[in-house]
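Below, each chain spelled out in residue letters.
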Amino acid sequence: MEHLGGITVSDGIAVGVAVILGSVERDTPELQVSRSRVPRELDRFEGAVRDVAQDIEELRERTKATLGNDAGSIINTYLMFLQDEVSILRPIRSLISEQRWEAASAVVRRFRDLMEELRGLPEPLPSRIPDLLDIQRRLVDKLQGVTATTHAGKLPRNSVIIADDLTPTQTAALDRQHVIGIATAHGGPVSHTAILARHLGIPALVGLGSELGRVAAGTPVIVDGFHQRLVVEPTAPAVRNARARLRRLKNRALRAVGAARTRSGTMLEIFVNIDSDESIKSLKSLGIAGVGLHRTEYLYLGRDHTPTEDEQTAHYTRILKAMAPKPVVIRTMDFGSDKWDPRIHSLREPNPALGLRSLRLSFAYGEIFKTQLRALLRASIHGNAHILFPMVSDAEEFARARACLTEAASGLQAEGVSFREAVPTGAMMELPVTALVGESLFAEADFISIGSNDLIQYALAVDRTNRDVADLFVPHHPGVLKLLDMAARTARRFNKPITVCGEMAGLGLYTPVLLGLGLTRLSMAPSRVRDIVEETRRCDDEACRALVQRMLEAPGPQAAGRALRAHHEGGRRSTRRD
Amino acid sequence: MTTADATVSVTLQNAQGLHARPSALIVKTANSFSAKVQLRIGARSADCKSIMEVMMLASPRGTELVFEARGNDAAAAVSALASLVAGGFGE
């Protein structure tokens, strides 16, 4: 039995077997084979090239279907590398046949040389290196028998996915029938993958480090979210103990929560964030105020075609009907940055977080956007729909998004299709600048939602998935709090509802801070509701306001953090769920 | 390639020169012919069916590109490539 320490990003316990996904970093192969093995290695190489080409063709078709022909043609270049006889295929074949390198070793050697050559050339040539790396990785994965994508049918039951890192696409495509846990070597606590794991209710550990690479496929493992560790080859008593804790947890989660009321009597409105319509029925019995954020990206990801207007209408209708008459805030597609297939964006954008993402991307791919807006309008008659536009920078951009909605509405009207006339439309505040120019925006929008993750990323210039700077991603930075304070005040002045729906809303640590700022509408993962309701009951309004004042006046995040910890320690002994 | 069956020379027109997309288009076009096609720029040359080689020629606007082909459809190949370049790669 061995323990690997990591960071829990999605609570819970999973007892299962390791399934290696993608490439956990492995040593560069340096193997030579006997002369008699050469023909076999050549065959393996040709087979890997064929398989990878086929994977890439599939990826191209999926990409074309979702993002259009332009994006698909970028992937064509990938295929050309795999057809490059002169620089790639022939040299690798001769490394195998003449120097007797094992196929994967030959691939790595040739690509290393090519990348070395590109590195010495002027831009933009070095920027093709990631493409080569990706192709090399795919070839080596094939040759070493690592599954690059998971197909539900191939996964054993009780799979614990072990990976270097998971893209949100990979996470979204995971089959919940079979995948019960996730463990990655890299990744941070607030990466999109972590968020998604939480929403899928899959226990997940990240940051387990390179030692994770030693875990072999098929090894029994326990993901222990409460002790922040992965147990490799657990003993029988350890397995029994984990199973018993798992049963207790399941019984607890099914009990409904009561009202979120502070000691001073202030009521919080608790909403949930959802990605799919899977668990929608059970949510209603949780006693929540509604759906505060339905992310629609996963409707598009992990499937082979762009969802049609009818498919989307049916999906939104299911959710609206299930929740009616409670409000359901549906955010229009928010692609880009780390949420979309990195191969598409990294090819074009050196800095995707500042690139063509979110609402900008929706404007650029107007047809896909319009299809979604039409579907939302058509579904709107079945419940209390609210439409939310992501990453709105100012009132002008909001007006442009709203004009797209109006255009979709006139189209439907002309066709005699029914829809609700006045669907409330809101803006997501994720850029610091949006808080600064809030007045004109709040005058226009029917409601505002604060996406705290992006707001913090852009305010502090910290990529939360970059391990080297992840500890600088601090929600309680006085500057961040100032932006939240500004937004809360503006919302009160215009009497518009404002909801916090980033990770901050679901972390009990920050409940007193949000309360103190007067932000009393919070939207979070369903699994976080119970903790936040319990935390709210411990809060005293006056003490929370005083805390926020101290934090706003703090010279930096450390002093603000000390004030926050002192508040929690003073109020109670911290309690754990385990 | 000592003697080519067909040769054509054309000036690179598009603003960004021979970057990724034009390189890919050259390879795609060359691959649709059976002829062996070389792209020569001054003393350097590349096999037009190798994306790596074409890409590494990375040439700015105004460069003189010489396509030399050998094989059955050599004439058709160089003329297709020349019109691709002359048309600015459809940019």
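Going by the structure above, here's the rest.
Rules used throughout
- Residues numbered from 1 in each chain as written.
- Chains lettered and ligands numbered in written order.
- Predicted model: local features only at pLDDT ≥ 70, side-chain atom pairs only at ≥ 80, totals over all residues.
- Helix = DSSP H or I, 4+ residues; strand = E, 2+ residues; numbered from the N terminus.
- Buried ≥ 20, exposed ≤ 12 C-beta atoms within 10 Å, placed from the backbone.
- Contact = placed C-beta atoms within 7 Å.
- Pairing = 2+ DSSP bridges.
- Axes fitted to C-alpha atoms, helices over the stretch in contact; angles between N-to-C directions.
- Expected span 1.5 Å × (residues − 1).
- Left-handed = near helix turned anticlockwise from the far one by under 90°.
- Nonpolar A, V, L, I, M, F, W, Y, C, P; charged D, E, K, R; others polar.

Undergrad: Got a minute to help me understand the overall build of chain B in this structure?
TA: Helices and strands together make up the secondary structure of chain B, namely three helices and four strands. N-terminal to C-terminal, the α/β element order of chain B is β-α-β-β-α-β-α. For chain B, with 91 residues in total, the buried portion stands at 37%. Residue pairs in contact within chain B that sit at least 24 positions apart in sequence constitute 74% of those at least 6 positions apart.

Undergrad: Honestly, the sheet that holds strand β7 (residues 220–224) of chain A in this entry has me stumped. Any pointers?
TA: Through backbone hydrogen bonds, the strands of a sheet pair up, either in parallel or in antiparallel fashion. All names here are of chain A. With mixed pairing, eight strands are arranged side by side in an open sheet as β1-β8-β7-β3-β4-β5-β6-β2. Two strands in the sheet have a free side with no partner beyond their single neighbour: β1 (2–5) and β2 (7–10). Ignoring which end each strand starts from, the neighbouring axes of this sheet average 30° apart. As paired elements, strand β3 (residues 13–20) and strand β4 (residues 159–163) share four bridges and run parallel to each other. Bridge pairing in β4 places Ala18 opposite Val160.

Undergrad: Would you mind going over helix α5 (residues 129–143) of chain A with me for this structure?
TA: Along an α-helix, residues three or four positions apart point the same way, because every turn accommodates 3.6 residues. With 15 residues, α5(A) should cover 21 Å at 1.5 Å per step; its first-to-last C-alpha distance of 21 Å lies within 8% of that length. Listing the buried residues of α5(A) in full gives A:Ile135, A:Gln136, A:Arg138, A:Leu139, A:Val140, A:Asp141, A:Lys142 and A:Leu143.

Undergrad: In this structure, what is going on with the environment of A:Ile448? I would like to understand it.
TA: All names here are of chain A. Topologically, Ile448 is positioned in strand β14 (residues 447–450). Overall, the presence of 27 C-beta atoms within 10 Å leaves Ile448 in the buried class. Spatially, the C-alpha atom of Ile448 lies 5.9 Å from that of Met428, the residues being 20 residues apart in sequence. When residues no more than four places from it in sequence are discounted, the contact partners of Ile448 are Gly426, Ala427, Met429, Phe442, Ala487, Ala491, Lys496 and Ile498.

Undergrad: It is not clear to me how the environment of B:Ala76 should be interpreted in this structure. Could you clarify?
TA: By the element assignment, B:Ala76 lies in helix α3 (residues 74–86). Residues B:Ala76 and B:Ala35, spaced 41 residues apart in sequence, show a C-alpha to C-alpha distance of 9.1 Å.

Undergrad: How do you make sense of the interface of chain B and chain A when you look at a structure like this?
TA: Interface size, as often reported, equals the accessible area lost upon joining of the parts. Taken residue by residue, the interface counts 13 residues in chain B and 14 residues in chain A. Of all the secondary structure elements, the ones that give two or more residues to the side of chain B that touches chain A are α1 (20–31) and α2 (51–56) of chain B. Looking at the side of chain B that touches chain A element by element, the count peaks at five residues for α2(B).

Undergrad: What should I look at first to understand the packing of helix α14 (residues 366–379) of chain A against helix α15 (residues 395–414) of chain A in this one?
TA: Each pair of packed helices can be summarised by the angle the axes make with each other and by the distance between the axes. All names here are of chain A. For the pair α14 and α15, the least separation of the axes is 9 Å and the interaxial angle reads 65°. Viewed along their axes, α14 and α15 form a crossing whose handedness is right-handed. Of the residues in α15, those touching α14 at Phe369, Lys370, Leu373, Arg374, Leu377 and Arg378 are Cys404, Leu405, Ala408, Ala409, Gly411 and Leu412. Across the contact of α14 with α15, the residue classes tally to eight nonpolar, one polar and three charged.

Undergrad: In this structure, what is going on with unusual backbone geometry? I would like to understand it.
TA: A negative phi holds for most residues other than glycine; trans holds for most peptide bonds. Residues and elements named next belong to chain A. At the junction of Ala324 and Pro325, the peptide bond is cis and its omega measures out at 5° in the coordinates. If you trace the backbone, Pro325 turns up in the loop between α11 (309–323) and β11 (327–331). One non-glycine residue, Arg100, lies in positive phi territory at about 60°. Following the sequence through the fold, Arg100 ends up in the loop between α3 (85–97) and α4 (103–119). A positive phi angle is found at Ser358, which is not glycine, with a value near 55°. Within the fold, Ser358 resides in helix α13 (residues 358–364).

Undergrad: I would appreciate a short explanation of the sheet that holds strand β2 (residues 36–41) of chain B in the present structure.
TA: Residue and element names in this part refer to chain B. Pairing is antiparallel across the open sheet formed by four strands, whose spatial order is β1-β4-β2-β3. A single partner strand is all that each edge strand has here, and the edge strands are β1 (6–11) and β3 (44–47). Here the average twist between neighbouring strands, direction ignored, is 20°. As judged from the six bridges shared by β1 and strand β4 (residues 64–70), these two strands associate in the antiparallel manner. Considered in β4, the bridge of Thr7 is made with Glu68. On top of the sheet, α3 reaches β1, β2 and β4; it is set at about 5° to β1, its chief contact.

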